[in-house]
Amino acid sequence: MSAESGGAAGRRPRAAAGGGEAVYNRIAMLRAERGVSRRQLAEALGVHYQTVGYLERGEYSPSLHLALRVARYFEVPVEVVFSTEPFPRIGQ
């Protein structure tokens, strides 16, 4: 699994319900760096832990409010966590 894109290597996240564009994320990488479990992040955000998994795999695009809360939790700009373009692989 590619932590940079939030999905399996080479797999593009599915578009959100309603036909929106795919949203890439670094949630799994940020969680791993900080030793935070999906459940811990979910509790801090007030969402179900499965929602965190859906976000990481690109199966669900967050609302703007949720995206901002995720970025605030990790204390980084929202652009560090989410993008409409795939993130470059680390080391390239």
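Procedures and definitions
Residues numbered from 1 in each chain as written. Predicted model: local features only at pLDDT ≥ 70, side-chain atom pairs only at ≥ 80, totals over all residues. Heavy atoms only, no water. Salt bridge = Lys/Arg side-chain N within 4 Å of Asp/Glu carboxyl O. Helix = DSSP H or I, 4+ residues; strand = E, 2+ residues; numbered from the N terminus. Buried < 20%, exposed > 50% of the residue type's maximum accessible area, 1.4 Å probe, protein only. pLDDT = per-residue confidence, 0-100. Contact = heavy atoms within 4.5 Å.

Peer 1: Where do I start with the pattern of salt bridges in this structure?
Peer 2: Pairs can form between side chains of opposite charge whenever their charged atoms are close. Within the structure shown, the criterion is met by four salt bridges. Measuring nitrogen to oxygen at the nearest pair gives 2.4 Å for the salt bridge that ties E56 to R31. On the criterion of sequence distance, the pair formed by E56 in helix α3 (residues 49-56) and R31 in helix α1 (residues 27-34) is long-range, its members being 25 residues apart. For the pair formed by E56 and R31, the shared burial category is buried. For the salt bridge of E59 with R57, the shortest nitrogen-to-oxygen distance reads 3.2 Å.

Peer 1: It is not clear to me how the confidence of the model for the chain should be interpreted in this structure. Could you clarify?
Peer 2: In low-pLDDT segments, the atomic positions of the prediction should not be examined closely. Confidence in the prediction of the chain, expressed as mean pLDDT, is 84, and 77% of residues score 70 or more. Within the model, pLDDT remains below 50 along residues 1-11, and this stretch shows 29 contacts once partners closer than five positions in the same chain are excluded.

Peer 1: Mind showing me how you'd approach unusual backbone geometry here?
Peer 2: With the exception of glycine, the majority of residues adopt a negative phi angle, and the majority of peptide bonds are in the trans configuration. Of note, the phi angle at E75 is positive, near 60 degrees, even though the residue is not glycine. Mapped onto the fold, E75 is located in the loop between α4 (64-74) and α5 (78-81).

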